[in-house]
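Now for the letters of each chain:
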Amino acid sequence: MKADRLLSILVLLQTRGRMPATELAERLEVSVRTIYRDVESLAAAGVPVFTERGRRGGIGLLPGHRADVGGLTGDEARALLVLSARGAHGELALDGALGSALRKVMAALPAPEPPAGGRGGERVLVDPPRWLPSGAGAAAGPDLGELQYAVFADRRLRLRYRHGGTPVPVEYTVDPYGLVSRAALWYLVADLNGEPRLFRADRVLAAETAEEPVRRRPGAGLGDVWAGLREHVERRPNELPVRVRVRRGRLDLFVRVHGGRVTAQPPEAGAGPAEEWVELAMAFPTPAAVRALLAFGPEAEVLSPPAARRELARAAAEALRLYQE
C-alpha cells in the first residue's frame, strides 16, 4: 500500500541515512520511478527529503530530522494513501485526518531555524486546478532534487533556465520561497532581484544550491507570493476572451483538442442530447488564432467577440475560393 511504502521510506532514510533509489526500489519491491514519485509525495507533504545525483548521490533527509510515525489511525493511513492524488483527500472528507497524520510524521522534524513571521514551514503547495481536460495527466516529472534541497535548506539557488520560445538559456541567482504543483506541472516560486517570479521546473536545465542564505522579502510567504503569480499560470497576459458554442455530441473531442484554451469548467458531454448546443469560455492570444476551430466545421461556432467571428468568416471564404478555383 502507498501509505505503508511512504512510511517505510521514512524509516529507512532515518535509520540508514542517504540511500540510492535503486536500493530503495529493491527493498520495497517497486520500480525506481515509483520511488521518485513517492519522494515527490513526501516532499509535497512537507517532509524535508532530497535527491542528489552522482556516484555518491541518493535520497536522504536533511541532517538532524527524525520522525515518530507511530499511532496512525485508519483514517490517517487512508489519507496518506491518497496523498499523491492531488485534491483527492478533500473529496473523500479526509482533510482532517491528513493534517493529523502529517503532524505525527512531522512532529520530530524541527525547522532549521525559527520561521520568519510564522511562515517558515510553508515550502510546498499542491494547488489542484478546478478541472483538467479529458485525457490530461501528469507527464514524467522533472528532477526536483536540487530545487527541493535549496527550498528546505533556506539557501539561494543558481539556475540555468530556458524560457519558452527562446532557444538560448539564461542564468539566474534566485531566492526561493517554495515549490508549487499546479495542473500536472511543478513551479519554483522565487524572487529575482527582489521581484516575484515563476520558473517552470521542467525548463530548469541545471540548478545549484548556493552557500548564501535565502533573502526573502520580510513578511512574504509561499502562499501569498503564489496567489499573486497564479493568474500568469491560468491565463497569459493580453489574451482575447472568446465565447464558443459546441454540439454536445462533439464536446468531449473538442475539449481534448482545445482544452488548453478553455478557461472555465465545461458542461458534461453526456448530460443532454448530442445535437444540443453548449457554451464554453475560451481565450486566444490573437483573433487569428481562433482559425484552429474551423476544424470542427458546423459543429462549433464562435459567438463573440465580433473580431473573432470576422476572422473565421475570412478564413472560410479563403478556403471556399481555393476549392472553387
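Below you will find a few notes about this structure. Quantities reported herein were computed from a predicted structural model and do not represent experimental measurements.

The next point concerns the environment of arginine 314. Looking at the element boundaries, arginine 314 is found in helix α10 (residues 306-324). On the basis of relative accessibility, which here comes to 43%, the residue arginine 314 falls in the partly exposed class. Along the chain, arginine 314 and arginine 291 lie 23 residues apart, while their C-alpha atoms are 9.5 Å from each other. Here glutamate 311 takes part through its side chain, which lies 2.7 Å from a polar atom of the side chain of arginine 314.

It is worth spelling out the side chain of arginine 248 at this point. With respect to the secondary-structure elements, arginine 248 resides in the loop between β9 (240-247) and α9 (251-258). Setting aside chain neighbours within four positions, we find arginine 248 in contact with Pro267, Glu268, Ala269, Ala271, Gly272, Pro273, Ala274, Glu276 and Val278.

The next thing to look at is the sheet that holds strand β11 (residues 300-304). Taking strand neighbours across the sheet as the criterion, the 3 strands line up as β10-β9-β11 in an open arrangement whose pairing is antiparallel. Where the open sheet ends on each side, the last strands, each with one partner, are β10 (277-284) and β11. For this sheet the average axis-to-axis angle between neighbouring strands, irrespective of direction, equals 35°. Along the sheet face, α9 touches β9, β10 and β11 and points at about 5° away from the line of β10.

Moving on, we get to the nonpolar core. With 18 residues, the main nonpolar core has Val244, Phe254, Met282, Leu293 and Val302 as its most contacted residues. Mapped by element, the contributors of at least two residues to this core are β9, α9, β10, β11 and α10. Element by element, the count of residues in this core is highest for β10, at 4 residues. Each residue touching valine 302, except ones within four places of it in the same chain, is listed here: Val242, Arg243, Val244, Leu293, Ala308, Arg309 and Leu312.

Attention now goes to the packing of aromatic side chains. The tally for this structure, following the rule as stated, stands at 5 aromatic pairs. Seen from their ring centres, phenylalanine 50 and tyrosine 149 are 5.4 Å apart, and the 75° between their planes marks the pair as edge-to-face. Taken as a pair, phenylalanine 50 in strand β1 (residues 49-52) and tyrosine 149 in helix α7 (residues 145-153) lie far apart in primary sequence, 99 residues in all. Overall, phenylalanine 50 belongs to the buried group, its relative accessible area being 5%.

What counts and what doesn't
Residues numbered from 1 in each chain as written. Predicted model: local features only at pLDDT ≥ 70, side-chain atom pairs only at ≥ 80, totals over all residues. Heavy atoms only, no water. Helix = DSSP H or I, 4+ residues; strand = E, 2+ residues; numbered from the N terminus. Buried < 20%, exposed > 50% of the residue type's maximum accessible area, 1.4 Å probe, protein only. Polar contact = N/O pair within 3.5 Å; in protein donor to acceptor, adjacent residues only side chain to side chain. Contact = heavy atoms within 4.5 Å. Pairing = 2+ DSSP bridges. Axes fitted to C-alpha atoms, helices over the stretch in contact; angles between N-to-C directions. Core = buried A, V, L, I, M, F, W, Y, C linked by side-chain atoms within 4.5 Å. Phe/Tyr/Trp six-rings, centres within 6.5 Å; stacked < 30°, edge-to-face > 60°.

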